[in-house]
Amino acid sequence: MSIDGPSAEVHDMCRGYKGSFEKMKNAVKYLHEQGIRVQAIITLTKLNASYLYETMKFIKSLGITSASMMLLATVGGASEQLCLDFNEWTDLLLKLSIDKQEGKLPIELRIVPTGESRCPWELYLPLKNSGRTDLMSHWIPENSVLSFEDTAFGCTSGKTSMAIDGYGNVYGCSLMVSMDGLSAGNINDDPIKEIWNRSQVFNDFRKLTYDQVQGPCSDCDDLSKCMAGCRACAYSLTGLTNGSDLRCPSAKG
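The notes below deal with the structure included here. (Residues numbered from 1 in each chain as written. Predicted model: local features only at pLDDT ≥ 70, side-chain atom pairs only at ≥ 80, totals over all residues. Heavy atoms only, no water.)

**What to know about the pairing of strand β2 (residues 66-71)**
Line of reasoning, step 1. Summarising burial for β2: six of the six residues are buried, a large majority.
Line of reasoning, step 2. Judged by which residues are buried, β2 turns out to be covered on both faces: S66, S68 and M70 on one side and A67, M69 and L71 on the other are all buried.
Line of reasoning, step 3. Bridge count for strand β1 (residues 40-44) against β2 is five bridges, and the pairing is parallel. What sits directly across from I41, in β2, is S68.
Line of reasoning, step 4. For the handedness criterion, the β-α-β arrangement of β1, helix α3 (residues 52-61) and β2 is classed as right-handed.
Line of reasoning, step 5. Bridge analysis of β2 against strand β3 (residues 108-111) gives four bridges, and the strand direction is parallel. Considered in β3, the bridge of A67 is made with L109. (Buried < 20%, exposed > 50% of the residue type's maximum accessible area, 1.4 Å probe, protein only. Helix = DSSP H or I, 4+ residues; strand = E, 2+ residues; numbered from the N terminus. Pairing = 2+ DSSP bridges. Right-handed = clockwise from strand over helix to strand, strands pointing away.)

**Topic: the sheet that holds strand β6 (residues 185-186)**
Line of reasoning, step 1. Taking strand neighbours across the sheet as the criterion, the three strands line up as β4-β5-β6 in an open arrangement whose pairing is antiparallel. The strands lining the two open edges of the sheet, one partner per strand, are β4 (163-164) and β6.
Line of reasoning, step 2. The pairing of β4 with strand β5 (residues 169-171) spans two bridges and is classified as antiparallel. Residue pairing for β5: I164 is matched across the bridge by V170.

**Overview of α3**
Line of reasoning, step 1. Within the span of α3, buried status applies to L52, Y53, T55, M56, F58 and I59.
Line of reasoning, step 2. At the exit of α3 stands G63, carrying a positive phi of roughly 85 degrees.

**So, the packing of aromatic side chains**
Line of reasoning, step 1. Within the structure shown, the criterion is met by two aromatic pairs.
Line of reasoning, step 2. On the numbers, 5.5 Å between centres and 65 degrees between planes, the contact of W196 with F202 is edge-to-face.
Line of reasoning, step 3. On the basis of relative accessibility, which here comes to 25%, the residue W196 falls in the partly exposed class.
Line of reasoning, step 4. Looking at F202, the relative accessible area reads 0%, which means it is buried.
Line of reasoning, step 5. Sitting over the face of the ring of Y53, K95 holds its NZ or CZ atom 4.9 Å from the ring centroid.
Line of reasoning, step 6. Taking the ring centre of W196 as reference, the NZ or CZ of R206 above it sits at 4.8 Å. (Phe/Tyr/Trp six-rings, centres within 6.5 Å; stacked < 30°, edge-to-face > 60°. Lys NZ or Arg CZ within 6 Å of the ring centre and 35° of its normal.)

**Quick word on the sheet that holds β1**
Line of reasoning, step 1. Within the open sheet, the three strands sit side by side as β1-β2-β3. Their pairing is parallel. The open sheet is flanked by β1 and β3, the only strands paired with a single partner. Across the sheet, the axes of successive neighbouring strands diverge by a mean angle of 25 degrees, strand direction being ignored.
Line of reasoning, step 2. Seen against the sheet, helix α4 (residues 86-101) touches β1, β2 and β3 and runs at an angle of roughly 135 degrees to β3. (Axes fitted to C-alpha atoms, helices over the stretch in contact; angles between N-to-C directions. Contact = heavy atoms within 4.5 Å.)

**With respect to the pattern of salt bridges**
Line of reasoning, step 1. In the structure shown here, the tally under the stated rule is ten salt bridges.
Line of reasoning, step 2. For R132, the salt bridge goes to D134, with nearest N and O atoms at 2.9 Å.
Line of reasoning, step 3. With a shortest N-O distance of 2.8 Å, R247 and D245 are connected by a salt bridge.
Line of reasoning, step 4. Judged by relative accessible area, which is 1%, D245 ranks as buried.
Line of reasoning, step 5. Linked through salt bridges whose partners overlap, the residues forming this network are E122, D245 and R247. (Salt bridge = Lys/Arg side-chain N within 4 Å of Asp/Glu carboxyl O.)

Structure below.
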């Protein structure tokens, strides 16, 4: 359940329409009455970052014990102007990490980066700049196993994940939905197994290695750790499946 703020003012602003806060609360109440466990997901932007701790406390008050959080992905109608300032994110991540280490967070919080490497830039770069990469293990287990080759892009699209929209169009992940150039096919035209095995889009993703990345990521010292960030965000910002994830401050220069 998307919960982006502790009040109607903040949540509705983030969701884009009035009344979404009340609808969300009613939905959570109904699901709990039916015995269905609910987890929250928070999309962090400039609009709600200052309310994060209040939002976690509000989530707890709804009887929800865990939440996932991700930084805004620049896909669909999301504006890059709403992405949280990197320095502000660095300060917030450091506080979250220390509080998580000390068991002080109101709920169980998981940060979901858009890239699936062991060192996604959203987590690694702020902690590296703060001299606290030791805190990475609180977000990504040190013994985590990648589901793809060590030289591949940090992206599971077409490898271990896919998404299907309401019209039957198949994509590598939910962030790619609505990007026509990344559609792998349609289940109304072909069986899903055939799309998975034979799609040119998926097979191209499986062959990509990060030494093929174009743009500023190509000569970054952290490329082998970050694995070039999110393919959906890179494509939306550059038009290239092997483009650079320009949300990263290292890519911005």
